[in-house]
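Read off the chains here:
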Amino acid sequence: MALLALLAVAVMTFGYILTSRLNAASRFASVDRAHNAKVLAQAKRALIGWMAANAVSTDANPGRLPCPEAPAYFADPAQQGVAAGGCTLPAVGRLPWRTLGLDRLVDDAGEPLWYVVSPGWALPTLIPINSDSLGQLSLDGSEAVALIIAPGVALSVQAGTGCTAWVQSRPIAGTPELRNYLECENATSPADASFVTRSAGGSFNDQVLRVSAADLMPALEAAIADRVQREIAPALATGSFVLDSSSPRRWVTASGNPPIYPYAAPFADPGTSLYMGQDGIYQGLLPFHPSQGFVAYQATPADAVETLGNGYLMSQSCYWEAAEAYLCAGRYHEDDIDPTLPMRIQMTATFTNVAMGLRSLQPANLQVQARDDGSSGPWTDLTPSYRAEMNDGSVSGKPRGSVTIRFWATLPNIDAMGWGTQADYRIRIDRAMIDDHCLLSTTTSCPGPSTTWFARNEWQRNLYYAVAQDNTAYVLPSVGGCDSTSCLRFNDPATRNIRLLLVLAGRRLDTQTRPSSTLTDYLELQNADLGTLYEQRQRRASKIEDLTLNAPWNDRLVLVDWISPNPTFPLANLP
């Protein structure tokens, strides 16, 4: 009995000691995980900040993330923490803390943090990055754009479900091997896109923090709204149709008259819409459809004519030189009475659907040439003049919003050129005289800061376009320009002074479904009611908002054109 009593005391004592040590170990583990959580969160904030700072500047790829630390810098104290310029995605490596502007962050085991970046989100192979983009990594089945990992102490990884046997070592030189830091499903080599926060195998101590698209989008959308205001809005305004006061209205490059903007494309699923503007539509998607296959000849262009009444065209043959290029070629004769008189040749063509999209004039697609008759020598290129006249629909056969191009050139004086009494000419027009606005290009920028990032990342899918009716071809034959009764309103139910604005639809809210052809799945409250009042929810540190009224809300407004009084600009594009 005494021995049994002593044994019981021994067991109780041992149990107390063991429990105490386990509790202490648990407390230490809790402290260690808290430390890791702190540095992981710090790294995540820095990563989002780096992305936003680059997106709001002149970065050609707003939204991209850095690659992990370049493997060659692993053992170089002066270069450690510097991101590689490009990486094979998905990329796994050490966190580029120096590139992110951080101190060297380490986990509870003293190890630098590791980092994974999704396919398509880092150079060189980028996907279009916009509000509806998602990461292509999976963490426990959830979408992720990036992962930040505290690797913990080195382990002897045992073979098991999801785990390949591996004895981790931590060399101080050479190229880092991810299996020496990460375990099991996180240590697949070469890396795949699936990661976990726990493993069925017992040899696992990675602590993983997810960076999702939803984490990135508030900062990215704020940066994009700022860039659209600074770079896209001016290009849109200066590239519009400006009409002079003649009759019919001429499309000119500069005028004191208000601009005529394209009609909107009817709102539809942005993923499947053709972005074709439509007569009588003033709110919807950006009219972003390319001119090819949309802008077309209204009819076969008229044959070339001499317009000054001097000399005459002896012969002429007009035909389609190519599918969209019309050519008239022939011979002209000097004036029989006074050979010194000038001769002018002119061609006219009308194009439909011009006011249905973002367009520009490209006079390089007009051509006039001349040479001595019968010569096999080179043609002399002449510089044509032109005028583009936007039709109001009152002229028979010329629909409202179509554009008539008239172009001409003075032919070389035959007598002065020593060509005898007659010479050959050619005059050509290509449909591409009316071409895409520079905003549609992924390679050629509009004047000023580069704008190719806009179309390349398909931000037109997230922009709502609203134009005052009187600033479209609807107003013709007037010169255009809305007033206090016909303009749009911004943040003020009583004041109408906006000619054109854009609404950047933020990421999908919990109440919304995408893709969708329903406007309320993209815009919020009165911005989606097809009215003329648009509002931006203000976010001011000095003012407590009634969030019940305004939430959920992530629209951001961009003002393109307005009249006095100046509107209060969106000052709340920060997340």
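Residues numbered from 1 in each chain as written. Predicted model: local features only at pLDDT ≥ 70, side-chain atom pairs only at ≥ 80, totals over all residues. Heavy atoms only, no water.

Participant: Sorry, what's going on with the environment of Arg-537 here?
Facilitator: Along the chain, Arg-537 turns up in the loop between β29 (533-534) and α5 (547-550). Exposure remark for Arg-537: the relative accessible area of 16% places this residue in the buried category. Expressed as a C-alpha distance, the spacing of Arg-537 and Asp-555, which sit 18 residues apart in the sequence, is 7.9 Å. (Helix = DSSP H or I, 4+ residues; strand = E, 2+ residues; numbered from the N terminus. Buried < 20%, exposed > 50% of the residue type's maximum accessible area, 1.4 Å probe, protein only.)

Participant: Would you explain the nonpolar core in this entry?
Facilitator: Side chains that are nonpolar tend, in soluble globular proteins, to be buried together. Ranked by internal contacts, the top residues of the largest apolar core, which has 111 residues, are Ile-405 and Ile-429. When residues in this core are grouped by element, the largest group, 13 residues, is from helix α2 (residues 213-238). Those residues in contact with Ile-429, other than ones at most four positions away along the chain, are Tyr-297, Glu-324, Ala-325, Tyr-326, Met-347, Ala-349, Phe-351, Asn-365, Leu-366, Ile-405 and Phe-407. Core analysis: the next-biggest nonpolar cluster, separate from the first, contains 15 residues, Ile-498, Ala-505, Leu-519 and Leu-523 among them. (Core = buried A, V, L, I, M, F, W, Y, C linked by side-chain atoms within 4.5 Å. Contact = heavy atoms within 4.5 Å.)

Participant: Explain the sheet that holds strand β9 (residues 207-211) here, please?
Facilitator: Across a sheet, paired strands are connected by hydrogen bonds in the backbone, their directions being either parallel or antiparallel. Reading across the sheet, the 4 strands line up as β1-β2-β5-β9 and stay open at both edges, with antiparallel pairing between neighbours. Each edge of the open sheet is held by one strand with a lone partner, namely β1 (91-94) and β9. When the angles between neighbouring strand axes are averaged without regard to direction, this sheet yields 20 degrees. Note that β1 and strand β2 (residues 114-117) share 4 bridges and pair antiparallel. Bridge pairing links Ala-91 to Val-117 in β2. (Pairing = 2+ DSSP bridges. Axes fitted to C-alpha atoms, helices over the stretch in contact; angles between N-to-C directions.)

Participant: Would you mind showing me how to read the sheet that holds strand β8 (residues 194-195) here?
Facilitator: One open sheet holds the 3 strands; their spatial order is β4-β3-β8, and the pairing between them is mixed. Strand pairing shows two members of the sheet lacking a second neighbour, β4 (142-144) and β8, which therefore form its edges.

Participant: Explain the packing of aromatic side chains here, please?
Facilitator: Geometrically, a pair of aromatic rings is defined through the distance of the ring centres and the angle of the planes. Summed over the entire model, instances satisfying the criterion amount to 11 aromatic pairs. With centroids separated by 6.0 Å and ring planes inclined at 55 degrees, the aromatic side chains of Tyr-263 and Tyr-282 adopt a geometry described as tilted. Residue Tyr-263 is found in the loop between β12 (259-260) and β13 (283-285), and its partner Tyr-282 is found in the loop between β12 and β13; the two are separated by 19 residues along the sequence. For the pair shown, Tyr-263 and Tyr-282 are each scored as buried. Here a set of aromatic residues connected by ring pairs shows up, and it is made of Tyr-297, Trp-320, Tyr-326 and Phe-351. (Phe/Tyr/Trp six-rings, centres within 6.5 Å; stacked < 30°, edge-to-face > 60°.)

Participant: It is not clear to me how the state of the cysteines should be interpreted in this structure. Could you clarify?
Facilitator: Disulfides are covalent bonds that connect the sulfur atoms of two cysteines. Counted by the stated rule, this structure contains 5 disulfides. Here Cys-163 connects covalently by a disulfide to Cys-184, the sulfurs 1.9 Å from one another. Linking Cys-163 and Cys-184, the disulfide has an S-S dihedral of approximately 95 degrees and is accordingly described as right-handed. Residue Cys-163 is located in the loop between β6 (156-157) and β7 (166-167), and its partner Cys-184 is located in the loop between β7 and β8; the two are separated by 21 residues in the primary sequence. Judged by its relative accessible area of 8%, Cys-184 is buried. (Disulfide = S-S within 2.5 Å.)

Participant: Looking at this structure, I do not really get the pattern of salt bridges. What am I missing?
Facilitator: When charged atoms on two side chains of opposite charge get close, those side chains can pair. Inspection of every chain in the model, using the stated rule, returns 21 salt bridges. Arg-331 serves as the salt-bridge partner of Asp-424, at 2.8 Å between the closest nitrogen and oxygen. Highlighted residues: Asp-424 in strand β24 (residues 422-430) and Arg-331 in strand β17 (residues 325-333), separated in sequence by 93 residues. Since its relative accessible area comes to 9%, Asp-424 is described here as buried. One salt-bridge network, held together by shared partners, links Asp-226, Arg-227, Arg-230 and Glu-231. (Salt bridge = Lys/Arg side-chain N within 4 Å of Asp/Glu carboxyl O.)

Participant: Would you explain the confidence of the model for the protein in this entry?
Facilitator: Low pLDDT means the predicted atomic positions in that stretch should not be read closely. The predicted model of the protein averages 89 in pLDDT, with 89% of residues at 70 or higher. Scored below 50 in pLDDT, residues 571-575 makes 16 contacts in the model with residues more than four places away or belonging to other chains. (pLDDT = per-residue confidence, 0-100.)

Participant: What should I look at first to understand the pairing of strand β26 (residues 463-467) in this one?
Facilitator: If a strand is regular, its side chains alternate between the two faces of the sheet. Along β26, 5 of the 5 residues are buried, which leaves the element largely enclosed by surrounding structure. Residues Leu-463, Tyr-465 and Val-467 line one face of β26 and the alternating positions Tyr-464 and Ala-466 line the opposite face, and both faces are buried. By the bridge criterion, 3 bridges tie β13 to β26 in an arrangement that is antiparallel. Paired with Gly-284 across the bridge in β26 is Tyr-465. Where β26 meets strand β28 (residues 496-504), 5 bridges bridge the pair, whose relative direction is antiparallel. What sits directly across from Val-467, in β28, is Leu-500.

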